[in-house]
Each structure stands twice: as C-alpha cells, then as structure tokens.
Amino acid sequence: MEIEKTQLEQIIAQAANPDRLEPDQIPELDLYIDQILMLFEDKLGDNRRHEKDKILTKSMVNNYVKVGLIPRPVGKKYDREHLAMLLMICVLKQALSMESISQILLALCEEGVQTGYGRFCAITRKIEKSARGGHIELFDEQIDAQEMALRSGVMAALCTIHTCRLLESCRA
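From a predicted model like this one, the values you see are computed outputs, not experimental measurements.

(A) The side chain of K93, seen in detail. The topology assignment puts K93 in the loop between helix 4 (80-92) and helix 5 (98-108). Under the relative-accessibility criterion, K93 is labelled buried at 19%. Beyond its immediate chain neighbours, meaning those up to four positions away, K93 contacts K54, I55, M60, Y64, M98 and I101.

Structure follows, in structure tokens:
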C-alpha cells in the first residue's frame, strides 16, 4: 500500500507531537499521580508505539524515582519540574535506554529543568520543521558533540514513533 504525501506529513507532525505541553503550559499546581496520568494520556496519547501501550503508569513513575531519573514527590504530589522531566522521558523512552535518557536529561537540564524542557521543545520543533521540509540537520560545524547527541536522541525517539505509525498505516 502506498502512503500519500499528505498522510506522511500528518504522521510526521503527530510524531513530533504538536500537542505537547510547551514550558509555559505545564500546570503551576502540584498534581497527584492519577492527575498526571490523565494529563499525559491526553497530551501524549499520540506518542505511543502501539494503540494498546500506556504512555505512563504509576509503576513507571515509581521506577523513574527509584533509579533517580526524577526526584521523589513531595507529599505524594509532583511539581512542574517533575512533569517536565516525565514529559521528556515519555518521548525519549521510545528509542533510548534509561542510561542514555539519564545522560540526555543531565545535559539538557544543566541550567535547570524548565530551561532544559524549553530546549527539548525547541529541538523537537526544529526537527519537526526540518522533517516537513524533507531534510533533517542533526550535525553542524557550529555545535558541539553534546548538542548533536541531544538532537540525535530526540530524533531517534521521533523516528521510532514515526516508524511505528507508518507500519500501522500499512496494515490498515
């Protein structure tokens, strides 16, 4: 089955997830885990590899705390920094190991989690724009190896999501 150009553009746009939460859209209020799960299902539902997959579960969040990817909640509530970290993890886990995600998060968030999440969203938007234009620039003489690794990691996750969507559309 041949995929039309408009279908391909739509899949790319969904993989880059324009419905993602921008840094200024992350709730100011601290949330309980069930509220986070509902928010993520709503905003990141298109990022699952397969329709039956869960974007995030309580067990996943507990594991991320246990391995040190995110700090412990305060009084069972998660703040804006927790949410930003979880948002990045949910995208990156599509293609990267927890060790790689940890390294990327450290690099992204060296100037603070909100700044890191802003960079993550900017990288995602840039990749989405490049993909729509038919080319993706991960490497550039003006950027260092760390920035290239960040771009490549985000791109790997988006490509994985994109590939799964293409395969599902071929089955339909």
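(B) Looking closely at helix 4. Between the first and last C-alpha of helix 4 there are 18 Å, a value that for 13 residues agrees with the 18 Å anticipated at 1.5 Å per step. For helix 4, the tally of buried residues reaches twelve of 13 residues, placing the bulk of the element in the interior. Within helix 4, the full set of buried residues consists of R80, H82, L83, A84, M85, L86, L87, M88, I89, C90, V91 and L92. Backbone nitrogen of E81 and a side-chain oxygen of the N-cap are separated by 3.0 Å at the start of helix 4; the cap is D79.

(C) Quick look at the packing of helix 2 (residues 33-44) against helix 4. One way to put it is that helix 2 packs onto helix 4 with a least axis distance of 12 Å and a crossing angle of 45°. Compared by their axis directions, helix 2 and helix 4 come out oblique. Two packed elements cross with a definite hand, and for helix 2 against helix 4 that hand is right-handed. Facing I36, F40 and L44 of helix 2, the residues of helix 4 in contact are L83, L86, L87 and C90.

(D) Structural detail: the packing of aromatic side chains. Here the structure, examined in full by the defined rule, presents one aromatic pair. Ring geometry for Y117 against F120: centres 6.2 Å apart, planes inclined by 20°, an arrangement best described as stacked. Within this pair, Y117 and its partner F120 are both found in helix 6 (residues 113-132), separated by three residues, close to a single helical turn. F120 carries the same exposure label as Y117, and that label is buried.

(E) Main features of the pattern of salt bridges. Per the stated rule, a full pass over the model turns up four salt bridges. In this structure, E28 and R80 form a salt bridge, with 4.0 Å as the shortest nitrogen-oxygen distance. Of the two residues, E28 is situated in the loop between helix 1 (5-16) and helix 2 and R80 in helix 4; the sequence distance between them amounts to 52 residues. Across the salt bridge formed by R119 and E147, the nearest N and O atoms sit 2.5 Å from each other. You can see R119 sitting in helix 6 and its partner E147 sitting in helix 7 (residues 145-171), a full 28 residues away along the chain. Overall, the relative accessible area of 28% leaves R119 in the partly exposed class. Several salt bridges share partner residues, and in doing so they unite R119, E147 and R151 into one network.

(F) Representation of the environment of P23 within the structure. Tracing the backbone shows P23 in the loop between helix 1 and helix 2. C-alpha separation for the pair P23 and G116, spaced 93 residues apart in sequence, amounts to 9.6 Å.

(G) Structural context of the nonpolar core. Core analysis: the biggest nonpolar cluster contains 45 residues, and F40, L56, I70 and Y117 have the highest contact counts within it. Ranked by residues supplied to this core, first place goes to helix 4 with ten residues. Sequence-distant contacts of Y117, that is, excluding residues within four places in its chain, are made with L21, E22, P23, I26, A84, L87 and M88.

Here is what the cut-offs are and how they apply
- Residues numbered from 1 in each chain as written.
- Predicted model: local features only at pLDDT ≥ 70, side-chain atom pairs only at ≥ 80, totals over all residues.
- Heavy atoms only, no water.
- Helix = DSSP H or I, 4+ residues; strand = E, 2+ residues; numbered from the N terminus.
- Buried < 20%, exposed > 50% of the residue type's maximum accessible area, 1.4 Å probe, protein only.
- Contact = heavy atoms within 4.5 Å.
- Expected span 1.5 Å × (residues − 1).
- Polar contact = N/O pair within 3.5 Å; in protein donor to acceptor, adjacent residues only side chain to side chain.
- Axes fitted to C-alpha atoms, helices over the stretch in contact; angles between N-to-C directions.
- Parallel < 35°, antiparallel > 145°, perpendicular 65-115°, else oblique.
- Left-handed = near helix turned anticlockwise from the far one by under 90°.
- Phe/Tyr/Trp six-rings, centres within 6.5 Å; stacked < 30°, edge-to-face > 60°.
- Salt bridge = Lys/Arg side-chain N within 4 Å of Asp/Glu carboxyl O.
- Core = buried A, V, L, I, M, F, W, Y, C linked by side-chain atoms within 4.5 Å.

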